[in-house]
Amino acid sequence: MKKFLLFILLPLSTFAQTASTYIQNGNARANSKDYNAAIQEFTKAIQLSENNSDAYFYRANAYGNLKNYEAAIADYAKTISLKSNFATAYYYKANAESSIGVYHNAIDDFNKAIALEPQNAKMYQYRGSAKSNIQDYTGAIADFSFALKLSPNNAELYEYRGLAKNNKGDFTGAIDDYNSAIKLNPQKGDLYRYRADTKASINDYNGAVTDYTTALTFNPQNAEAYFYRANTKGNLGDYKGAVDDYKKAAALNPNLKNLFFYLASAENNMGDSKGALDYFNKAISQYPNRADVYLYRGLVKSNLKDYKSAIDDLNHSIALDPKNPDAYQNRSAVKLELNDGEGAKSDADSAIILNPKSLKAYISRSKAKMALKDTAGVIADLTQAININNKSDEAYLVRGDAYRNLGNRQAAIRDYTTAIQVNPNYTYAYLNRGIEKDKTNDPAGAVKDFEKLLTLSPQRQDVYTRLGRVTDFFKYTTKGVSLFTTAISLNPANSNFYLFRGEAKAAAGDIQGAMADYDAGIVKNPKNIAILLKRGLNRADFQDNTGALADFSTAIKIDSTSDSSAVVYQNRGHIQARLKNYKAALADLDKAVAIYSNDETFLFRGDVKLAMKDYAGAADDFHNATYINNRNAKAYAHSSIAKSKLGDEQGSTDDFDNALKFGDGAYVYTDLAELKLNLNDAQGALADCITAITLNAKYAGAYLQMGLTKIALNQKPDACANFNKAVELGLKKAAVIASRYCR
């Protein structure tokens, strides 16, 4: 912001002829920018007329243009001694003093110049700049404001006042001034960069990125703009974007302070510890005696599980700076990884001695105490950290983590909530609280937290994945489709994002769109078992048994042994039963039970045994289903049929009563209708559908099942009417089934 003025030549006074000639010659040399020759001419004039104020003044100007500010100041001082009311001499002397950092002297001279010319806006402007340089931002703002009264359309004054307001911490006022400057001079790229800096200070990172980008359109070679845009992208969690920008900055100016250091940190945040290590090595080549670079390289080596080398770096950092508590605190963490609990605690103790108010040191010691099984000490240290600063979002976050590690999830959630109250934009707290809410059967709360986190950091692919893995996430948000459309735009190769968007579309009734997403996901990753399972279930739901069977079989070829394969065997067994392939169905369901069983597994196997007339085996499986889930209405209803076949009428009646107790009557009868149809009892199925509709004339599922039953009875027109009624009542999948039978 410091500027040296271009000097305007003033009319000459009448001197002795020879002095006047030398001054004229000097001005001619100065106008042609031959300042050394000009100085020689002015010096000759002074030798002839030692009290000639103009000669000193012009020579001062020439010295200033050669950046010989000390000589300029001496000549301006001589000019003033000869001509004490010469405002411009005070003004120029002040500028020369500013140029060599003698700001207090400059301000004194600006004061004298202003006393002589109180309506000169430039004098207030430059005095304001000098005040800014001594951090008198209040005084600087006052000077810039007065100058604006004299020159209201001066973009530069708004720019400088904006800088002063920014430095004072008045970020809103600074942005207002930058807005005014940009309106007056929209082609000045630096204005956008300054505004970006201020927006970043108020956490308007998206706005900052936009302004840095605009600044770069004016000057694509501005390494600092790339550097600061990278910092801002990092704050948004867009570490890849940050790395790209740091690399552009490095290509333009590899000597920017901290460039490789920050680039390494961004690589590390992106999960590329090896890339981070390469850049930390470069940073150490630049700064071989910087303790902090060794410190952070040590942390990266720790991430790579190279703990011995990490300790070496941290030892080196401490040797260079033995008073840095952070180095001890981080060495404590590495020692903990090496199972040296006592050493970890000792280093944390050292960190606390060096900085008794270090939150991180107490956090590190709490982890060491946890390793030493000092549970009370863990919470005590974290509580002490909060006592040091009860507005520390990090302290609450980490104590929440400690409670989580101790298995106290509700206490963890309370601390994460407090962290969010302290900092409503604390992304880590939303992430951790969302994870814990998901684990405590609060899927709605988990989805809400992940959604909020994505409004703060829309580039976080890991959060989209977390959201999609919440059980039935689509029940708790109306934004599922748009959120995963964004996720796909960020990473079109991630097959799970297609799965999640497909689930959201299906929940919104867009069945065709859901199937298209499942198909696209399979193309991206043909071995994604979750998508194969989901697509198979959807196909089964729409009576596409062949397609469902193909998907389940493909999934089993990929994985036939893990716990997750049990549900695939279970559902393939269910489809085999639909197709009357009972032996194959039983084999699949036996496999599912052997791997990992749930109430539905036993229910499906019981149905198969029922169809194979193994009524005792069926009754046992239905009993197992109700033992696992004593509110499973379907299992009770199916058990009532098995017991009836065994002649146990009382047991059959009791089970059916339980089915009606735990399930809606219309739903129970509709389910029985589906079972009876599979058992070739179409008339019994039809009777149950009629009962279901009698109980609830608006239950769409009953009309759909009646339609399927009438197809089996070759009553196609009536069946189509039933399908249409189901669609009319809002069951969209009935339209897909109707399209297969009612063309």
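As a starting point, this report considers the structure included with it. (Residues numbered from 1 in each chain as written. Predicted model: local features only at pLDDT ≥ 70, side-chain atom pairs only at ≥ 80, totals over all residues. Heavy atoms only, no water.)

**Looking at helix α6 (residues 103-116)**
With 14 residues, α6 ought to run about 20 Å at 1.5 Å a step, and its terminal C-alpha atoms sit 20 Å apart, in line with that. Every buried residue of α6 is accounted for by Tyr103, Ala106, Ile107, Asp109, Phe110, Ala113 and Ile114. On an axial view of α6, the arc spanned by its buried residues comes to 165°, and they lie on one face. Exposed and oriented more than 90 degrees from the buried face of α6 are His104 and Ala115. Where α6 is buried, its residues meet α5 (87-99) and α7 (121-133). (Helix = DSSP H or I, 4+ residues; strand = E, 2+ residues; numbered from the N terminus. Expected span 1.5 Å × (residues − 1). Buried < 20%, exposed > 50% of the residue type's maximum accessible area, 1.4 Å probe, protein only. Arc of directions from axis to C-beta. Contact = heavy atoms within 4.5 Å.)

**Points about the packing of aromatic side chains**
What characterises a pair of aromatic rings is the spacing of the ring centres plus the angle enclosed by the ring planes. All told, the structure shown has 31 aromatic pairs when counted by the stated rule. For the ring pair Phe261 and Tyr296, a centre distance of 5.0 Å and an interplane angle of 80° mean the geometry is edge-to-face. Of this pair, Phe261 sits in helix α15 (residues 259-269) while Tyr296 sits in helix α17 (residues 291-303), and the two are 35 residues apart along the sequence. Residue Phe261 is classed as buried on the basis of its relative accessible area of 10%. Members of the aromatic cluster, connected to one another through ring pairs, are Phe42, Phe57, Tyr58, Tyr76, Phe86, Tyr91, Tyr92, Phe110 and Tyr126. Above the plane of the ring of Phe86 lies Lys83, whose end atom (NZ or CZ) is 4.6 Å from the centre. (Phe/Tyr/Trp six-rings, centres within 6.5 Å; stacked < 30°, edge-to-face > 60°. Lys NZ or Arg CZ within 6 Å of the ring centre and 35° of its normal.)

**What to know about the side chain of His638**
Tracing the backbone shows His638 in helix α37 (residues 633-645). A polar contact of 2.7 Å, which involves the side chain of His638, links it to the side chain of Asp671. Setting aside residues no more than four positions away along its own chain, His638 makes contact with Leu603, Asp607, Leu610, Phe622, Asp671, Leu672 and Leu675. (Polar contact = N/O pair within 3.5 Å; in protein donor to acceptor, adjacent residues only side chain to side chain.)

**Re the packing of helix α26 (residues 443-456) against helix α27 (residues 461-468)**
Close contact between α26 and α27 brings their axes to 10 Å; oriented N to C, the two are set at 160°. Taken as axis vectors, α26 and α27 run roughly antiparallel relative to one another. Viewed along their axes, α26 and α27 form a crossing whose handedness is left-handed. Residues Val447, Phe450, Leu453 and Leu454 of α26 pack against Val463, Tyr464, Arg466 and Leu467 of α27. Along the lines of polarity and charge, the residues of the contact of α26 with α27 split into 7 nonpolar, no polar and 1 charged. (Axes fitted to C-alpha atoms, helices over the stretch in contact; angles between N-to-C directions. Parallel < 35°, antiparallel > 145°, perpendicular 65-115°, else oblique. Left-handed = near helix turned anticlockwise from the far one by under 90°. Nonpolar A, V, L, I, M, F, W, Y, C, P; charged D, E, K, R; others polar.)

**Focus on a negative patch on the surface**
Side chains of Asp648, Glu649, Asp654 and Asp657 sit close together on the surface and give a patch of like negative charge. Position of Asp654 among the secondary structure elements: in helix α38 (residues 649-662). (Patch = residues over 30% accessible without salt bridge, like charges linked within 9 Å, V, L, I, M, F, W, Y side chains within 5 Å. Areas by Shrake-Rupley, 256 points an atom, 1.4 Å probe, with all protein chains shown as cover. Salt bridge = Lys/Arg side-chain N within 4 Å of Asp/Glu carboxyl O. Lys, Arg positive; Asp, Glu negative; His and termini not counted. Charge placed at Lys NZ, Arg CZ, Asp CG, Glu CD.)

**Structural notes on unusual backbone geometry**
Negative phi values dominate among residues other than glycine, just as trans dominates among peptide bonds. Residue Asn258 is not a glycine yet carries a positive backbone phi of 70°. Position of Asn258 among the secondary structure elements: in the loop between α14 (239-252) and α15. Asn258 sits in the buried class, given a relative accessible area of 14%. Backbone geometry places Asn339, a non-glycine residue, at a positive phi of 65°. Note on placement: Asn339 falls in the loop between α19 (325-337) and α20 (341-354).

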